[in-house]
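Okay, here's what each chain looks like letter by letter:
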4 protein chains.
Amino acid sequence: MSGNAIGERFHLLTFGESHGKCIGAVLDGCPAGLPLSEEDVQPELDLRKPGQSIVTTQRMEEDRVEIMSGVFNGHTTGAPIMMMIRNADKDSKSYEAIRDTPRPGHADLVASIKYGGFNDHRGGGRFSGRITASFVMGGAVAKKLLRQAFGLEVIAYSLELGGVRAEGFTVEEAAKNRYSNEVRAPTPKAADEMKKKIVETRGKGNSLGGIVECVALNVPVGLGEPVFASLDSDLARIALSIPAVKGVEFGSGFSSTRMTGLENNDEYFFDGKKIVTRTNNSGGILGGLSNGMPLVFRVAFKPASSIASKQKTVSLKSGKEADLVVPGRHDPTVVPRAVPVVESVTALVLADHALRAGLMPQVLGKRG
Amino acid sequence: MSGNAIGERFHLLTFGESHGKCIGAVLDGCPAGLPLSEEDVQPELDLRKPGQSIVTTQRMEEDRVEIMSGVFNGHTTGAPIMMMIRNADKDSKSYEAIRDTPRPGHADLVASIKYGGFNDHRGGGRFSGRITASFVMGGAVAKKLLRQAFGLEVIAYSLELGGVRAEGFTVEEAAKNRYSNEVRAPTPKAADEMKKKIVETRGKGNSLGGIVECVALNVPVGLGEPVFASLDSDLARIALSIPAVKGVEFGSGFSSTRMTGLENNDEYFFDGKKIVTRTNNSGGILGGLSNGMPLVFRVAFKPASSIASKQKTVSLKSGKEADLVVPGRHDPTVVPRAVPVVESVTALVLADHALRAGLMPQVLGKRG
Amino acid sequence: MSGNAIGERFHLLTFGESHGKCIGAVLDGCPAGLPLSEEDVQPELDLRKPGQSIVTTQRMEEDRVEIMSGVFNGHTTGAPIMMMIRNADKDSKSYEAIRDTPRPGHADLVASIKYGGFNDHRGGGRFSGRITASFVMGGAVAKKLLRQAFGLEVIAYSLELGGVRAEGFTVEEAAKNRYSNEVRAPTPKAADEMKKKIVETRGKGNSLGGIVECVALNVPVGLGEPVFASLDSDLARIALSIPAVKGVEFGSGFSSTRMTGLENNDEYFFDGKKIVTRTNNSGGILGGLSNGMPLVFRVAFKPASSIASKQKTVSLKSGKEADLVVPGRHDPTVVPRAVPVVESVTALVLADHALRAGLMPQVLGKRG
Amino acid sequence: MSGNAIGERFHLLTFGESHGKCIGAVLDGCPAGLPLSEEDVQPELDLRKPGQSIVTTQRMEEDRVEIMSGVFNGHTTGAPIMMMIRNADKDSKSYEAIRDTPRPGHADLVASIKYGGFNDHRGGGRFSGRITASFVMGGAVAKKLLRQAFGLEVIAYSLELGGVRAEGFTVEEAAKNRYSNEVRAPTPKAADEMKKKIVETRGKGNSLGGIVECVALNVPVGLGEPVFASLDSDLARIALSIPAVKGVEFGSGFSSTRMTGLENNDEYFFDGKKIVTRTNNSGGILGGLSNGMPLVFRVAFKPASSIASKQKTVSLKSGKEADLVVPGRHDPTVVPRAVPVVESVTALVLADHALRAGLMPQVLGKRG
């Protein structure tokens, strides 16, 4: 259907541009009867909003969400839920340059070709990382729904940033630590090192990439619709929809390619009456279906493309090569702000598949 | 819509089970007027069929395709094209065991839970790698269409297998070499080493994984529909739909996470009148859109799950732990046979997006 | 997605041409565990197959259905169910004429323009009424599913044919009578008169139209997804997909346009503890949702286009006007054979919406 | 996907409730480069807004549209276009009664059952005719696009209202007259009689229904995707999505059921070099495809359900029968305000199919 939409039964259509009037989304398919207000969505948006610390862009946005439809008397009604935030701190002047000299690593040039030059180029327009705010709006509802239905929790964190890799932590520790440090690291030690690396790199007018790891606990067994809407297919699809993502892997992922079958297969045993696996190389997905073990996957983010250093590009007007120093305010790395986004897209896919599998009712509770 | 279908305008719905009557697909949306016969599809199927060499399963299948609709007078008509192969060499007896003792690394257990025990378990049923034959049927048509429309070529090969990585080759060499050796390696040297590794591992009742790299040349600029149907989103989705895939990466992929923006950004320059990039860390995709550079992505395959060695599992009947030696005939690695599958799914996505972008006519030529 | 497919959760993709190798369909989304064999589908196909009596075409087809996938041990597996019939009694020679002189009232000319002359014109190809056999294949499964889940029954009949309107009957009588006469009339009296009219008209080389009325009993309350997938929206869509249909109306339909609100509104009252309406002008649908009253709608079929009388058309070769006597074997009216088709499409839509509403489980029963 | 959305390539997702904050829609898939502003949409909204005359409800709404995304420098960008109007003149108090005593002919009761009582019942909520404002927002863009691309014009009018049928007019006269009278009749004479009938009926606390006829001129040949997305299928679907619609017919429609094939078939002849038909009983659609003749169809509207007269209903609280006088401000007939709505939905379907057929470019013109 629409390339800007995702989800069959829990359906999110996103809209808005970086420097337009607003960013928003319409969520359709949420069961009726879920208690919902702006208070459920705002904290999630706050986790990704810009201007929070030295490790993010200095653009200041309140990102104050307003629910415009689909909620009545404090509960979802079963009708489409429109949510939006206004863009406030727009500084579009600095983007005039990039119309002529496209930024390396950005969509500027190709978007201009695809849309005949009519695309809103300001701040990257529809190709800005800012559009992920709409993913978070939908994700906040999905998270609440999944928590209520299954006690399901989605926990992402910066596993690696600029080559600094967090190690020696449990999921519980990651859950506790990740939002208490600016870089969203799972341990205080990694947080310190990552932050130091970011500050140092930003000072050089350069940027960093990293890996976000995401774990979901209490995922029901059997989510996914093989073959093309398998759980990993849909998670991979949505992960690659986040700007700056260049790869995704599940469980032992790329490292499994150097293991043998004996090493990689997860053997079954009984944990009481429950059948579980000794290892979790599958990352909780077998045959495209959730198997009840923790869902584990990793998302690779390239270093942020917008950097203060001088780069070579071309001038479309002159037809000659040109130097470019990307103007505007930028993130030295997108990884910390991407952490809540990865959580949100994971929740969106899980909520959709829980509904597709008939594991969530169309109506939650009964109004008196 | 259907989890067994993919593609909005070039739409493939797959059906069939490993040990059922047939494997097949219905392809809808192919423009009218494409010359098409079984002769176009059979060679592609032959590249993935089993029993070809020591590196694959010994199941013998002719995999003879029959086009049942949608073609008239040697051309596509614009109507749905149904294609199918009959299953011949089925040996289902050996699969009775796995109903009670699910195979580690397989969908046996989770499929049984999801479908209440009604799933066809024989040979993995709908979860068998054999279903990728239907991907290849559709892919064969997509390849022909893309070649005719754009001179577009899709070239995949076994980049790495069991830790042996092919090196020092050009795309042209890979294109020439890949199907002239049993392991689908891009160089004769890698082919020899990979084959040796496979034979050795098979002898030990074990299996191997690896990485398939895929390159597409002459991809038109601007394919992809951001944000959720971006080109990399759709390629990642379909790649993860291939059984045994655990990861996917584009361009510099996971290695980009350790690069800086300056290192990873691909600078533009003029190659005559054409704007190209000096490097191709983007893998030919920026902002979810093809940028005219070669499309490059890699798919990680875990080691084949079915192995002759003894493994621990559980007995569903006895409720106790049990030993399992997986019966049946198996591939010691799925990588070589996956190479034409990766090409096919890539072609399916590119054909779909070329139609979505309006770059291919609804009718090819004019009937006299 | 595919124009040849319908249904979001109970999804039917159809294929095949009138004079090609086969007619068939893939049904995806049927819950696992439904007992199913060819014996469930064949009787429904027999009701619409040609050559049965003087009121239908003399083309003789066995229309013997084969289930090719998705069924194992006598039950559905949750995987796609492919069903097909072979075309046997093809007489394509007589169709050469219509390539040059398009038949009035048929798709010949417009299909040739749309598909650049590549369409299979034989017997109307993809535009033949014969493709409705694939609707019946899916409908047979839907009917069985709905009967089992809700005791839901779908009953269609020829309400009017060639101006002869059946009157004075109950739904129960219609259910009992409709398939015991060749014209599918709800009363023996109407059956006699309709048949007489058909024989007389056929003798004159002419054809007749009529109205099929369809009633569904025991429809659960709340089926339909407003606004564009409301129950009447989806029924109207699928009704108009049946060749020769020119209109559809629900409940009091077109006659409601001459009533006042007071006359047309259905007042509520308690029937025991159940809230029902005194009249059923709504036809069982309010606000696009089933309301628990009998679903009632009518489908208008134009007179069959293929007639033995001479008609004016044009010659594409000569560029001049030409006379045409349509060759081949034809139905003097499509109404009788359309009756099981209308039942089938109704069942397809109801099954889809019952699944969408979460009113049917993904798995029926439990395999021992 | 979403039941609140329609269109595959020209995709409209609607949101909002009668007495909520707003009514709106997101339009995705509109080609880039179309000149667009609020000035293009507002006049269409003005044609359906309430409070305009004695023949409509006295609710006063400005219905001032705001375009929130997808437009930049006065042109569409190819990104989703969000449009909305604020609800101003809400008077929700009067709707408390209907929570207990559901209105006959309305969705009150069934919606409450489907959504567990969580639905927004005020003013009918999501089931109000007010939501058609969002159809008109999308339709306004579709109309502009179709006019620019093909010179295509969509002309609807009140053919019949309360039994008064307009007669003896040409399409040109209808086009000229329809919006110059309050009832949207194609002739001044019919307008006078219809208005008189409405005023008289309103005075009696009663309401009227009627038939809207819609004609589209200059429709390209070959629009429609058989079999389930044929042009008449999609038009029927969207017509039935308009509240109060109970039927739809194309060309000779229901009256064709009493004609013979010889009478109903439209014979071809050459009009210069163009092949046209002498009659237009097909209503411009053959085999589900537009045939180049004027598209003609009719939509049946039941009499408005909300009336001032006393009606019988039930009290959900007391479990007893009850009397109801529907409170609030209502239209004595929905027909006049439905005329621009029918035009809009027709344009939405035609624009979608023109894009699907590849007859409209993805980018209109080239930005300097």
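Residues numbered from 1 in each chain as written. Chains lettered and ligands numbered in written order. Predicted model: local features only at pLDDT ≥ 70, side-chain atom pairs only at ≥ 80, totals over all residues. Heavy atoms only, no water.

### What to know about the overall build of chain A
In step 1: Of regular secondary structure, chain A possesses nine helices and 18 strands.
In step 2: The globule rule puts the C-alpha radius of gyration for 368 residues at 21 Å, and the 21 Å found for chain A is close to it.
In step 3: The dimensions of chain A, computed from C-alpha atoms along their principal axes, are 70 × 55 × 35 Å.
In step 4: The proportion of buried residues among the 368 residues of chain A is 70%.
In step 5: Considering only contacts within chain A whose residues lie at least 6 apart along the sequence, 71% involve residues at least 24 apart.
In step 6: As displayed, chain A offers around 11200 Å² of accessible surface, 52% of which is attributable to carbon and sulfur atoms.
In step 7: Each charge class in chain A was averaged separately, 45 positive and 41 negative side chains, and the resulting centres sit 4 Å apart. (Helix = DSSP H or I, 4+ residues; strand = E, 2+ residues; numbered from the N terminus. Rg over C-alpha atoms; globule rule 2.2 N^0.38 Å. Buried < 20%, exposed > 50% of the residue type's maximum accessible area, 1.4 Å probe, protein only. Contact = heavy atoms within 4.5 Å. Areas by Shrake-Rupley, 256 points an atom, 1.4 Å probe, with all protein chains shown as cover. Lys, Arg positive; Asp, Glu negative; His and termini not counted. Charge placed at Lys NZ, Arg CZ, Asp CG, Glu CD.)

### Let's talk about the interface of chain A and chain B
In step 1: With 103 residues of chain A in contact, the opposing surface of chain B contributes 103 residues.
In step 2: Taking both partners together, chain A and chain B bury about 7700 Å²; carbon and sulfur atoms supply 62% of that area.
In step 3: Its largest share of buried area at the contact with chain B, chain A owes to Phe228, Lys246 and Tyr268 of chain A, together 12% of the area lost on that side.
In step 4: For the interface between chain A and chain B, the tally reads six salt bridges. (Buried area = accessible area lost by both parts, 1.4 Å probe. Salt bridge = Lys/Arg side-chain N within 4 Å of Asp/Glu carboxyl O.)

### Considerations on the relation of the copies chain A and chain B
In step 1: Under the fitted operation, chain A is carried onto chain B by 0.0 Å of movement along the axis and a turn of 180 degrees, and the coordinates agree to an RMSD of 0.0 Å. In symmetry terms, the pair is related by a two-fold rotation axis. For chain A, the residue whose C-alpha comes nearest the rotation axis is Arg237 of chain A, separated from it by 2.3 Å.
In step 2: A shared binding surface is used by both copies, with 100% of the interface residues of chain A retained as interface residues in chain B. (Least-squares fit on C-alpha atoms with pLDDT ≥ 70 in both.)

### Some thoughts on the interface of chain D and chain B
Where the parts come together, the accessible area they lose is often given as the size of the interface.
In step 1: The interface is formed by seven residues belonging to chain D together with seven residues belonging to chain B.
In step 2: In this assembly, chain D packs against chain B so that about 620 Å² is buried in total across both faces, 28% of it on carbon and sulfur atoms.
In step 3: Its largest share of buried area at the contact with chain B, chain D owes to Glu8, Arg9 and Gln362 of chain D, together 64% of the area lost on that side.
In step 4: Scanning the region where chain D abuts chain B turns up four salt bridges.
In step 5: Ionic pairing is found between Arg9 of chain D and Glu8 of chain B, a salt bridge with its closest N-O pair at 2.7 Å.
In step 6: Here chain D and chain B share six residue pairs in polar contact (both at pLDDT 80 or more) between them. (Polar contact = N/O pair within 3.5 Å; in protein donor to acceptor, adjacent residues only side chain to side chain.)

### Considering helix H4 (residues 132-150) of chain C
In step 1: Over its 19 residues, H4 of chain C extends 26 Å from the first C-alpha to the last, a length consistent with the 27 Å expected when each residue adds 1.5 Å.
In step 2: Within two residues after H4 of chain C, Gly151 of chain C carries a phi angle of roughly 65 degrees, on the positive side. (Expected span 1.5 Å × (residues − 1).)

### Some words on the sheet that holds strand E2 (residues 11-16) of chain D
Residues and elements named next belong to chain D.
In step 1: Spatially, five strands are ordered E1-E2-E3-E7-E4 in an open sheet, and the strand pairing comes out antiparallel. A single partner strand is all that each edge strand has here, and the edge strands are strand E1 (5-6) and strand E4 (66-67).
In step 2: Packing against the sheet, helix H4 (residues 132-150) makes contact with E2, strand E3 (22-28) and strand E7 (81-86), and its axis sits at approximately 35 degrees to E3. (Pairing = 2+ DSSP bridges. Axes fitted to C-alpha atoms, helices over the stretch in contact; angles between N-to-C directions.)

### Observations concerning the relation of the copies chain D and chain B
In step 1: Each copy superposes on the other: chain D lies on chain B with an RMSD of 0.0 Å after a rotation of 180 degrees and an axial shift of 0.0 Å.
In step 2: When the interface residues of chain D are mapped onto chain B, 100% of them again fall at the interface, so both copies present the same face.

### Some remarks on the environment of Gln42 of chain A
Residues and elements named next belong to chain A.
In step 1: Secondary-structure assignment places Gln42 in helix H1 (residues 38-48).
In step 2: The exposure class of Gln42 is buried, given its relative accessible area of 6%.
In step 3: The spatial distance from the C-alpha of Gln42 to the C-alpha of Ala140 is 8.5 Å, given a sequence separation of 98 residues.
In step 4: If near-sequence neighbours (up to four positions away) are discounted, Gln42 is found in contact with Glu62, Asp63, Arg64 and Val65.
In step 5: A polar atom in the side chain of Gln42 sits 2.9 Å from the backbone nitrogen of Val65.

### Focus on H1 of chain A
In step 1: All buried positions along H1 of chain A are accounted for by Val41, Gln42, Glu44, Leu45, Leu47 and Arg48 of chain A.
In step 2: For H1 of chain A, the elements touching its buried residues are strand E7 (81-86), helix H4 (132-150) and helix H9 (335-356) of chain A.

### Thoughts on the pairing of strand E18 (residues 320-324) of chain C
In step 1: Pairing between strand E17 (residues 311-315) of chain C and E18 of chain C: five bridges, direction antiparallel. Across the sheet, the residue bridging to Thr313 of chain C is Ala322 of chain C, located in E18 of chain C.

### Quick word on the pairing of strand E8 (residues 153-161) of chain D
Residues and elements named next belong to chain D.
In step 1: The element E8 is extensively covered by neighbouring structure, given that eight of its nine residues are classed as buried.
In step 2: As paired elements, E8 and strand E10 (residues 210-217) share eight bridges and run antiparallel to each other. Along E10, the bridge assignment pairs Ile155 with Val215.
In step 3: In this structure, E8 lies alongside strand E9 (residues 164-165), joined through two bridges in antiparallel fashion. Each residue of the ladder has a partner; that of Glu160, found in E9, is Arg165.
In step 4: Linking E8 to E9, which pair antiparallel, is a turn of two residues; within it Gly162 sits at a positive phi near 60 degrees.

### Focus: the packing of H4 of chain A against H9 of chain A
Residues and elements named next belong to chain A.
In step 1: Running from N to C, H4 and H9 point in directions that differ by 55 degrees, and their axes come no closer than 7 Å. Considering their axes alone, H4 and H9 lie oblique with respect to each other. In this structure, the crossing between H4 and H9 has a hand that is left-handed. Note on element contacts: H9 touches H4 through Pro340, Val341, Glu343, Ser344, Val345, Ala347, Leu348, Leu350, Ala351 and Ala354, opposite Thr132, Phe135, Val136, Gly138, Gly139, Ala140, Ala142, Lys143, Leu146 and Phe150.
In step 2: Counted by class, the contact of H4 with H9 contains 14 nonpolar, four polar and two charged residues. (Parallel < 35°, antiparallel > 145°, perpendicular 65-115°, else oblique. Left-handed = near helix turned anticlockwise from the far one by under 90°. Nonpolar A, V, L, I, M, F, W, Y, C, P; charged D, E, K, R; others polar.)

### Remarks on the environment of Arg237 of chain A
In step 1: As for its placement among the helices and strands, Arg237 of chain A is situated in helix H7 (residues 231-239).
In step 2: Residue class for Arg237 of chain A comes out buried when judged on its relative accessible area of 14%.
In step 3: Taking the C-alpha atoms as reference points, Arg237 of chain A and Pro102 of chain A, separated by 135 residues in sequence, lie 27 Å from one another.
In step 4: Filtering out sequence-adjacent residues up to four positions away, Arg237 of chain A remains in contact with Ala5 and Ile6 of chain A together with Phe228, Ala229, Ser233, Asp234 and Arg237 of chain B.
In step 5: Of the polar contacts made by the side chain of Arg237 of chain A, one reaches the backbone oxygen of Phe228 of chain B; its length is 2.8 Å.

### Focus on the pattern of salt bridges
All names here are of chain D.
In step 1: As enumerated under the stated definition, the model contains 117 salt bridges over all chains in all.
In step 2: Here Arg298 and Glu213 are joined by a salt bridge, their closest N and O atoms 2.8 Å apart. Highlighted residues: Arg298 in strand E16 (residues 295-301) and Glu213 in strand E10, separated in sequence by 85 residues.
In step 3: Between Glu249 and Arg298 there is a salt bridge, and its shortest N-O distance comes to 2.8 Å.

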